[in-house]
Each structure stands twice: as structure tokens, then as C-alpha cells.
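Structural overview
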Amino acid sequence: MKRFALITVALVAILWAWPARAADLEYTSFSSDITINADASLSITETIGVRFLSELHGIFRNIPVRYTRTDGHNEATIPISEVAVTQDGRAAEVDLSRSGDDLVIRIGDPNKTITGDHTYVISYRAEAAVNFFDNHDELYWNITGTTWDQPL
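The present account deals with the structure reproduced in this document. (Residues numbered from 1 in each chain as written. Predicted model: local features only at pLDDT ≥ 70, side-chain atom pairs only at ≥ 80, totals over all residues. Heavy atoms only, no water.)

The next thing to look at is the overall build of the chain. A tally of helices and strands in the chain yields one helix and 12 strands. Listed N to C, the secondary structure of the chain is α-β-β-β-β-β-β-β-β-β-β-β-β in terms of helices and strands. Counting across all 152 residues of the chain, residues that qualify as buried make up 31%. The long-range share in the chain, meaning contacts at least 24 apart out of those at least 6 apart in sequence, stands at 67%. Surface summary for the chain: the accessible area is close to 9500 Å², and the carbon and sulfur share equals 56%. (Helix = DSSP H or I, 4+ residues; strand = E, 2+ residues; numbered from the N terminus. Buried < 20%, exposed > 50% of the residue type's maximum accessible area, 1.4 Å probe, protein only. Contact = heavy atoms within 4.5 Å. Areas by Shrake-Rupley, 256 points an atom, 1.4 Å probe, with all protein chains shown as cover.)

Written out as C-alpha cells, the structure is:
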């Protein structure tokens, strides 16, 4: 019984602390400029305003790159290249990785924390983003994705 009580207390403590962690920052703005290129790629520039409410190293930007096509039969993966990021107008430290269906961009210096308002500009190229069908062409691009740590 003691073991059950300790596990329950631990779970309650974790769940109680979870919203506090998520409240360390808030997104103040998000805009995306997209150019459809002649080769069916996209040139994308995102501008994200962030207010850090406590000391953090930066942000994570998850970009969906794998999805089920609208024809329902095939899964598509969109290669991302030419990733460049600035923070407040200066080149930012970036690390790229994959998590599930997303490309994860970790932005920030792991040896430095920041607070207050900051602006991130993320630019990248999405290859083969336009789908071609017999009777139409289609652009499907999930601009924001769904894996943010706070609502936009």
C-alpha cells in the first residue's frame, strides 16, 4: 500500500509541475511567407515572436515533414534543406534532428540562457512539396504543425 501511495504522490507531483514548465514562455506572434518555386519546392520564411518568462536556452521548432497524401494511398516525406535561423537579427545556434513525423530545429545556445522578448526568423526550402495528379495539382503544407509546447 505504501508503494502505491508513493507512486500516486509522484504522479501528482509530476502532473502538478507540468503546467509550470510549459508556462516558461509564450508565443507572441507567428507569420509565414511561402513562395512556390517552378521546381515544385517551397521557399519558406517564418517569423516567430517569443516572450521568455524565465531563463531558457531558446526554442524548438517542429516542422511536419511526413504525412499521408490526400489520395489516402501513399505516405509522403518532404525533404527540408537550406535551414537558416536568426535570433534578434543575428545568426542563431541550431541543431537539427528528427522526431516522429517532424524535423526538429533546436534554436539557442546550450551554454547561455535568455529572458524577455525575442524574434526568430527561420528560413528553409521544402523539396517536392507540390503534388501532381491527372486532373489537378495540389499544394498541401501544414504551416504551423501541431507539436508546440504552448498555443500560438
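Here the narrative resumes.
Glancing now at the sheet that holds strand 6 (residues 80-87). Pairing within the open sheet is antiparallel, and its five strands lie in the order 1-2-10-6-7. Edge positions in the sheet fall to strand 1 (25-36) and strand 7 (90-91), since each of these pairs with one other strand and no more. By the bridge criterion, six bridges tie strand 6 to strand 10 (residues 114-126) in an arrangement that is antiparallel. The residue bridging Gln 87 from the neighbouring strand is Tyr 120, located in strand 10. (Pairing = 2+ DSSP bridges.)

Tracing the backbone through its elements, the reader meets Trp 148 in the segment after strand 12 (137-139). Since its relative accessible area comes to 17%, Trp 148 is described here as buried. Placed 88 residues apart in sequence, Trp 148 and Phe 60 show a C-alpha to C-alpha distance of 8.2 Å. When neighbours within four sequence positions are excluded, Trp 148 is seen to be in contact with Tyr 27, Phe 30, Ile 48 and Arg 61. A polar contact is formed between the side chain of Trp 148 and the backbone oxygen of Thr 144, at a distance of 2.7 Å. (Polar contact = N/O pair within 3.5 Å; in protein donor to acceptor, adjacent residues only side chain to side chain.)

A few words now on the sheet that holds strand 8 (residues 94-99). With respect to topology, three strands assemble into an open sheet ordered 3-9-8, the strand pairing being antiparallel. Two strands bound the open sheet, and with one partner strand each, they are strand 3 (58-64) and strand 8. This sheet shows a mean twist of 20 degrees between the axes of neighbouring strands, independent of strand direction. Sheet topology places strand 8 next to strand 9 (residues 102-108); six bridges connect them, and they run antiparallel. The residue bridging Ser 99 from the neighbouring strand is Asp 102, located in strand 9. (Axes fitted to C-alpha atoms, helices over the stretch in contact; angles between N-to-C directions.)

Any functional reading would require information that these geometric values do not contain.
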